Amino acid sequence: MRRGRRPLSADPYREWKGGYRSYDLIKEFSIAFGVVLAITLVLTILFSSPDEKPTTIKQWSRSDPVDFVTTAVSELDGTSGTATYGPPYNHNGPGQHMWFIRPQKWLGVSHPIDTARDYVLAPLSSINRQPAVHSAVSTYEHASSKQQAAWTTAYSNALGKAKVGPGDSVTIPSGSYGPVPIMMSSLLGIAQTGGLDGALLTSKQFYQTDYTKPLLFMADGSVLANRAQAEHLLGDQWGMMNETGSFPGQSWLWLYTFWYQIKPFSTSANADILVMTIMGALSLAFILVPLIPGVRDIPRWIPVYKLIWRDHYRELARAGRT
Amino acid sequence: MTIISPKPAPPRRRSWTLAVRERAVGAWPPEKLLADEQPSYVSSWIYVFGVLSLAALLVCIGSGLVLTLKGPAWWHDTGVGLFFNSLHLWSVELFFFFLVIHLWGKFWMAAWRGGRVRTWVTGALAFLVSIPTALTGYVSQQNFDSQWISTQAKDAMNSAGIGAFFNLMNFGQMYSYHILVLPAVVIVLVIGHVLLVRKHGVVPPFEAGKKSQRRRPRQSRSKPRPESARDAPRA
Amino acid sequence: MSHPGRARSVRFMAAIFNLNHHAGYVHWHFFQMSWPNLIVIITMLVVFALAIALPFPRSHQPAEEQP
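In this report, we go over the structure that sits alongside the text. (Residues numbered from 1 in each chain as written. Chains lettered and ligands numbered in written order. Predicted model: local features only at pLDDT ≥ 70, side-chain atom pairs only at ≥ 80, totals over all residues. Heavy atoms only, no water.)

### Observations regarding the interface of chain A and chain B
And then number 1: Opposite the 91 residues of chain A that make contact, chain B presents 106 residues.
And then number 2: Between chain A and chain B, a total of about 9100 Å² is buried, with carbon and sulfur atoms accounting for 67% of that surface.
And then number 3: In terms of surface lost to chain B, no three residues of chain A exceed Y13, Y20 and W252 of chain A, which account for 10% of the buried area on that side.
And then number 4: In this structure, the connection of chain A to chain B is made through one salt bridge.
And then number 5: Here E207 of chain B makes a salt bridge to R300 of chain A, at a shortest N to O gap of 3.1 Å.
And then number 6: Summed over the shared surface of chain A and chain B, the number is 33 residue pairs in polar contact (both at pLDDT 80 or more).
And then number 7: Here the element with the most residues in the side of chain A that touches chain B is helix α1 (residues 25–47) of chain A; it accounts for 14 residues.
And then number 8: When the residues that make up the side of chain A that touches chain B are grouped by side-chain class, the tally is 56 nonpolar, 19 polar and 16 charged. (Contact = heavy atoms within 4.5 Å. Buried area = accessible area lost by both parts, 1.4 Å probe. Salt bridge = Lys/Arg side-chain N within 4 Å of Asp/Glu carboxyl O. Polar contact = N/O pair within 3.5 Å; in protein donor to acceptor, adjacent residues only side chain to side chain. Helix = DSSP H or I, 4+ residues; strand = E, 2+ residues; numbered from the N terminus. Nonpolar A, V, L, I, M, F, W, Y, C, P; charged D, E, K, R; others polar.)

Below is the structure:
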């Protein structure tokens, strides 16, 4: 033993040398299991569980064709949320950072998405066999980027005055949009028949499990956010801990979602990395509570323990009197 | 032909197996692992929340196993599937409910005293790992909840660089994490936590250790125990 | 694809209380919480307080008497 170090046996809390009472570990566990199973069954019978059907691109393009086309144009001209996201989807944005710490950038593009190609050009080329559509895609692809931007900007602006025509088609005032209207009406047609839901999932393989592309496409539109807002699930509605319907959600995320509601996080472009850092630090502190002076002394200062162990202290006091 | 040697067996050589066995049996003798006694100060309802959390975890694993056996789409289409999904959801809610109360109780008892830091750390880690375990479950539901949660939570993952290898919108990856990787980590942590509780016992009350060490009980109405067991703290 | 008998089966398993409607919310400055979550958290606090306050039934076989 090193000099000056207290022997372990001197720690009064290491071993209990006082009285013991008989106890049935297995019986206690069995009763606990029975009680919890019964409560779970009662809650299940009383409340069941939520299951709101997912949104499909087919539904979205039918229920709100203007929003669908607006989103598709933003994917084509590279102005959508995904198109400008940066890593891990593309190099078009810097990603979030905290001082010089840029993990998003450092870890690079692991799920590459070229929004114009993946969401518009490739589905049009692979699904629609009409010569007019192929010609429109070819015209668009061979135009200068300045020309492309002029067409898509004019078209995007005109979408503000768009009307939904027969068969859920989108009509806009005439203008110089180049091949964009043909491309968009074709893409809308594919989406409304359900073809785009499948097209965005396909890759080189037959079996599919990765929904990144269709989910990001829908997230760029307002279809998911509109449903979420109605259900109170938005980030600024403490939505992270909420569940659809009137079910309790992930209430254990209360502290995590709390930070997003207050400044500077509620207005910061780097809110996610700042909140992740704070929660990471707090989680580490939580694990290391026994080693943090001050925090580990709180239970001694606020003596809740006197209530918890009141039987024990009462016995000690009685023993002291006799 | 068997030759029976009259010579005594040579002394046993130290082996890794023997070393592990001796350490394990030393740390967890049967009377400690499955104790039939506990310290007299263990007298409060707050002590039941650890075992309630454990029971909720078992209900959660059981209902999850049924959902796993039938595949991820089953519960959307059948009443029995919805029933097991509901059991799974409510057992998760109960697991966190009991776990947090257990945690509050252990904090106010300063249960890390007397060489029990590792017991606290494994418990805290089990709680923290349970959070992504639940999250991956929420994004594996294949309903609107999954769509919304995965597209929202991706930004936090991406900002920290986690999104590069943990993609909430990849159902296949999330399902694997939810039904295998993360539950395995939680279970290992919980087993470690319970073993540490068995080894070190429940923390004695504040300032009680010294006093009670001075006063040995004059008479005991509990049954006598062998001396080796008496030294072992109980939970 | 609809499953024969599915609607009846799912209805049979339906809850006694239907929670598939929008929740109520408590909104105070930046604080916003759904009633279901709030009920869970308040219940946790109440159960914690009761766990400490309620007397624990003592074993019929009391511990050793302290001298």
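Here the narrative resumes, following the displayed structure.
### Side note on the nonpolar core
And then number 1: Within the largest apolar cluster, 90 residues are counted, with the highest numbers of intra-cluster contacts made by W309 of chain A together with I46 of chain B.
And then number 2: Tallying contributions element by element places helix α5 (residues 79–108) of chain B first for this core, with 13 residues.
And then number 3: There are two domains that each give this core at least three residues, and those are domain 1 (43–109) and domain 2 (112–201) of chain B.
And then number 4: With near-sequence residues (within four places) excluded, W309 of chain A lies in contact with Y41, Y47, M109, R113, V203, P204, P205 and F206 of chain B.
And then number 5: In this structure, Y85, Y89, V137 and V223 of chain A belong to the second largest nonpolar core, which totals 49 residues. (Core = buried A, V, L, I, M, F, W, Y, C linked by side-chain atoms within 4.5 Å. Buried < 20%, exposed > 50% of the residue type's maximum accessible area, 1.4 Å probe, protein only. Domains from an automatic or database assignment.)

### Points about the packing of aromatic side chains
And then number 1: What the rule picks out here adds up to 39 aromatic pairs over all chains.
And then number 2: Between W16 of chain A and Y41 of chain B the ring centres are 4.6 Å apart and the planes differ by 85°, which places this aromatic pair in the edge-to-face class. With W16 of chain A in the segment before β1 (20–22) and Y41 of chain B in the loop between β1 (37–39) and α3 (48–70), this pair bridges two chains. This pair shows no difference in class: W16 of chain A is buried, exactly as Y41 of chain B is.
And then number 3: Their ring planes at 55° and their centres at 6.2 Å tell us that W238 of chain A and F258 of chain A sit as a pair that is tilted. (Phe/Tyr/Trp six-rings, centres within 6.5 Å; stacked < 30°, edge-to-face > 60°.)

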